[in-house]
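Fold and contact review
Read off the chains here:
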Amino acid sequence: MSDKLQKVLANAGIGSRREMEKWISDGRISVNGKVAELGLRVEPEDKIRVDGNPLGPQNQKAVCRVLMYNKPEGELCSRKDPEGRPTVFDRLPRIKNGRWIAVGRLDINTSGLLLFTNDGELANGLMHPSKEVEREYAVRVYGKVTDVMLKRLKAGVKLEDGEAKFTSIRRHPGDEDSMNHWFNVTLSEGRNREVRRMWESQDVTVSRLIRVRYGDVELQKRLPQGGWVELELKAVNGLRKLAQLAPETETLLKVEDKKQLDHVQISRMRRAVRKHQIKNKQ
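Report follows, based on the coordinates. Quick caveat, the model's predicted, so the values are computed rather than measured.

Bringing the overall build of the protein into the picture now. What the protein contains, in helices and strands, is seven helices and 17 strands. At 21 Å, the protein has a C-alpha radius of gyration in line with the 19 Å of a compact globule built from 282 residues. Dimensions along the principal axes, computed over C-alpha positions, put the protein at roughly 65 × 45 × 40 Å. Burial statistics for the protein: of 282 residues in total, 44% are counted as buried. For the protein, restricting intrachain contacts to residue pairs at least 6 apart in sequence, the fraction spanning at least 24 positions comes to 65%. Per element, the accessible surface of the protein, about 16200 Å² overall, is 48% carbon and sulfur.

As structure tokens, this is what we get:
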């Protein structure tokens, strides 16, 4: 049975479907010796090359894996930076087949939950606006915030790229007399700097922004910034369900990897992060 070329490439873990469409347009993909075009469908026996390198057999799809990463402020969500700044890919574990794909992005000044997967179809499904996968953020706002402003943010505000709204807003108690206010907000799309721009439309400034949930996956509170853990099969399949994909039946996690983070693991992660940071500064 034939599949669209960009879907096959995404399933092989080369990149997200959107990335693969661009690669095809750029002439980087060939099928059976001919440069591929968008819309091409391929059969399992077709010979696919990426930048001249052969793609592995299509029926040997890698086991779907997902990492939870606690992104610190100051890291970029790109694979490489011309200025040599740290990126979220720098400390991820090596992967034999395919590569890690970031599920969405966080800007350089935003921290918190970032998911990575080796399955391009899963990444595409979780990011696609039609799936309306909910994201939750903890946000610290500087300035006076009124109930009228909160109602506007829930009803919808106009931004330069269209209307946007929060599906829920929860104010943290105990900071009524301060100029800094913490809120938890949710929305079901991931446009560029959307949370910041929505608050700025109300003439207040976001001074801290932390993503704490993506779909059903919540950021582990004990996971150090710069640290990562691999999700168990149940959590992976929860995400696959949100993306409307068939469940995965295998996992590469060992029994000892499924335990909750303990003091020794947390200390080891923190040492590794510090060592990496020191190396980058040299």
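There's plenty left to go through after this.
Moving on: the side chain of Asn70. For Asn70, the position within the fold is in strand β7 (residues 66–71). Of the polar contacts made by the side chain of Asn70, one reaches the backbone oxygen of Leu223; its length is 2.8 Å. Setting aside its immediate chain neighbours within four residues, Asn70 contacts Gly112, Leu219, Leu223, Pro224, Gln225, Gly226 and Gly227.

The pairing of strands in a sheet happens through backbone hydrogen bonds and is either parallel or antiparallel. Ordered in space as β3-β2-β5-β6, the four strands form an open sheet in which the pairing is antiparallel. The open sheet has two edge strands with one neighbour each: β3 (34–35) and β6 (53–54).

Attention shifts here to the packing of aromatic side chains. One pass over the structure, following the stated rule, counts four aromatic pairs. Between Phe89 and Phe116 the ring centres are 5.3 Å apart and the planes differ by 75 degrees, which places this aromatic pair in the edge-to-face class. Remark: Phe116 occurs in strand β9 (residues 111–117) and Phe89 occurs in the loop between β7 and β8 (101–103); sequence separation between them is 27 residues. As far as the burial class goes, Phe89 and Phe116 line up, both buried. Ring plane angle 40 degrees and centroid distance 6.0 Å describe the contact between Phe166 and Trp199, whose orientation is recorded as tilted.

What follows is about the environment of Phe89. A residue is classified by how much of its surface remains accessible, and Phe89, at 15% relative accessible area, is buried. Each C-alpha atom, one on Phe89 and one on Leu245, is 25 Å from the other, the two residues being 156 residues apart in sequence.

This paragraph deals with helix α3 (residues 120–127). Within α3, seven of the eight residues are buried, leaving the element largely enclosed by the surrounding structure. Within the span of α3, buried status applies to Gly120, Glu121, Leu122, Ala123, Asn124, Gly125 and Leu126. Backbone nitrogen of Glu121 and a side-chain oxygen of the N-cap are separated by 2.9 Å at the start of α3; the cap is Asp119.

The next thing to look at is the pattern of salt bridges. When charged atoms on two side chains of opposite charge get close, those side chains can pair. As enumerated under the stated definition, the model contains 19 salt bridges in all. When the shortest N-O distance is used, the salt bridge between Arg193 and Glu200 registers 3.6 Å. Judged by its relative accessible area of 34%, Arg193 falls in the partly exposed class. Three or more residues are tied together by salt bridges with common partners; here these are Glu160, Asp161, Glu189, Arg191, Glu194 and Arg197.

Among all positions of helix α2 (residues 17–25), only Met20, Trp23 and Ile24 are buried. When α2 is viewed along its axis, its buried side chains cluster within an angular range of 100 degrees and face the same direction. Looking at α2, the residues exposed on the side facing more than 90 degrees away from the buried face are Arg18, Lys22 and Ser25. Looking at the buried positions of α2, the neighbouring elements they touch are α1 (5–11), β2 (29–31) and β5 (48–50). Gly27 sits one or two positions beyond α2 and adopts a positive phi of about 80 degrees.

A surface patch of like charges, here positive, comprises Arg222, Arg268, Arg270, Arg271 and Arg274. Counting through the fold element by element, Arg271 comes out in helix α7 (residues 263–281).

How each quantity is defined
Residues numbered from 1 in each chain as written. Predicted model: local features only at pLDDT ≥ 70, side-chain atom pairs only at ≥ 80, totals over all residues. Heavy atoms only, no water. Helix = DSSP H or I, 4+ residues; strand = E, 2+ residues; numbered from the N terminus. Rg over C-alpha atoms; globule rule 2.2 N^0.38 Å. Buried < 20%, exposed > 50% of the residue type's maximum accessible area, 1.4 Å probe, protein only. Contact = heavy atoms within 4.5 Å. Areas by Shrake-Rupley, 256 points an atom, 1.4 Å probe, with all protein chains shown as cover. Polar contact = N/O pair within 3.5 Å; in protein donor to acceptor, adjacent residues only side chain to side chain. Pairing = 2+ DSSP bridges. Phe/Tyr/Trp six-rings, centres within 6.5 Å; stacked < 30°, edge-to-face > 60°. Salt bridge = Lys/Arg side-chain N within 4 Å of Asp/Glu carboxyl O. Arc of directions from axis to C-beta. Patch = residues over 30% accessible without salt bridge, like charges linked within 9 Å, V, L, I, M, F, W, Y side chains within 5 Å. Lys, Arg positive; Asp, Glu negative; His and termini not counted. Charge placed at Lys NZ, Arg CZ, Asp CG, Glu CD.

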